[in-house]
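As a plain string of letters, each chain reads:
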Amino acid sequence: GHAERALERWRREHPGLTSSDHPEIDWNNLREAMYFAGNLMEAGETGRAERLLRSCQEALRKRQEDSFVLESQVLEVLMEIHAAGQRKEETLTIMRRVIIENHNYSGSWMYYSPAFDFLREEPEFQELMAILDAEFSRQRERLREMERNGELPPASGIVYESALE
């Protein structure tokens, strides 16, 4: 099915990542490793996916030690790692922290990312995405108001759309 075709594509396009049970993961290939682990999880190769996700978390930890990384970036990557592993509670906990505690409203990508498909029907996921959508609506209205008041030049060609549409 879909997962097997995705794994075959990964093997062709990323042999360094797929040829070993313990590939070298660092900041530069962290996202690819995370997405590959998600495909492994979908294909039922959960043990291999979990090992890869642990390596992703270790690469993220090392990146934090080696250079300045914003907490919001770390949380978003960690949230993606948990989502790739289909860890519902861990993913939702970080989503709550990012959106509610940290007031980080940059997460519209979560609504479209396949890594979050397993959460789409969860009421809490839908509530958190509704918070994001309300904040986007508020920000869009503020931009329109600024344009009307002459605080901003008109933004030609830009359409302010809802993240949920």
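Residues numbered from 1 in each chain as written. Predicted model: local features only at pLDDT ≥ 70, side-chain atom pairs only at ≥ 80, totals over all residues. Heavy atoms only, no water.

Q: What should I look at first to understand the nonpolar core in this one?
A: Among soluble globular proteins, nonpolar side chains are generally buried collectively. Membership of the largest hydrophobic core comes to 39 residues, with the highest contact counts inside it found for Ile25, Met95, Met110 and Phe116. At the level of secondary structure, the elements contributing two or more residues to this core comprise α1 (2–13), α3 (30–42), α4 (46–66), α5 (71–84), α6 (88–101) and α8 (123–148). Ranked by residues supplied to this core, first place goes to α5 with eight residues. Apart from the residues within four sequence positions on either side, methionine 95 is in contact with Met79, Ile100, Met110, Phe116, Leu119, Phe125, Leu128 and Met129. (Core = buried A, V, L, I, M, F, W, Y, C linked by side-chain atoms within 4.5 Å. Buried < 20%, exposed > 50% of the residue type's maximum accessible area, 1.4 Å probe, protein only. Helix = DSSP H or I, 4+ residues; strand = E, 2+ residues; numbered from the N terminus. Contact = heavy atoms within 4.5 Å.)

Q: Looking at this structure, how should I read the environment of leucine 132?
A: By secondary structure assignment, the location of leucine 132 is in helix α8. When the C-alpha positions of leucine 132 and histidine 103 are compared, they lie 9.5 Å apart, and in sequence the two are 29 residues distant. Dropping the residues within four chain positions of it, leucine 132 is found in contact with Ile99, Asn104, Tyr105, Gly107, Ser108 and Met110.

Q: What should I look at first to understand the pattern of salt bridges in this one?
A: Two side chains carrying opposite charge are able to pair once their charged atoms lie near each other. Applying the stated rule across the entire model yields 15 salt bridges. Across the pair aspartate 66 and lysine 62 runs a salt bridge whose closest N-O atoms are separated by 2.8 Å. Of this pair, aspartate 66 and lysine 62 both sit in helix α4, four residues apart, which is roughly one turn of the helix. Judged by relative accessible area, aspartate 66 falls into the exposed class, the value being 53%. Through salt bridges with shared partners, a single ionic network connects Glu58, Arg61 and Glu65. (Salt bridge = Lys/Arg side-chain N within 4 Å of Asp/Glu carboxyl O.)

Q: Looking at this model, I keep getting lost on the packing of α3 against α4. Mind explaining?
A: A pair of packed helices is captured by two measures, namely the crossing angle of their axes and the spacing between those axes. Direction vectors running N to C along α3 and α4 enclose 160°, while the axes themselves pass 8 Å from each other. In terms of orientation, α3 and α4 fall into the roughly antiparallel class. Judged by the twist between their axes, the crossing of α3 over α4 is left-handed. When α3 is examined against α4, the residues Leu30, Ala33, Met34, Phe36, Ala37, Leu40 and Met41 are found in contact with a partner set consisting of Thr46, Arg48, Ala49, Glu50, Leu52, Leu53, Cys56, Ala59 and Leu60. Of the residues assigned to the contact of α3 with α4, the class counts are 13 nonpolar, one polar and two charged. (Axes fitted to C-alpha atoms, helices over the stretch in contact; angles between N-to-C directions. Parallel < 35°, antiparallel > 145°, perpendicular 65-115°, else oblique. Left-handed = near helix turned anticlockwise from the far one by under 90°. Nonpolar A, V, L, I, M, F, W, Y, C, P; charged D, E, K, R; others polar.)

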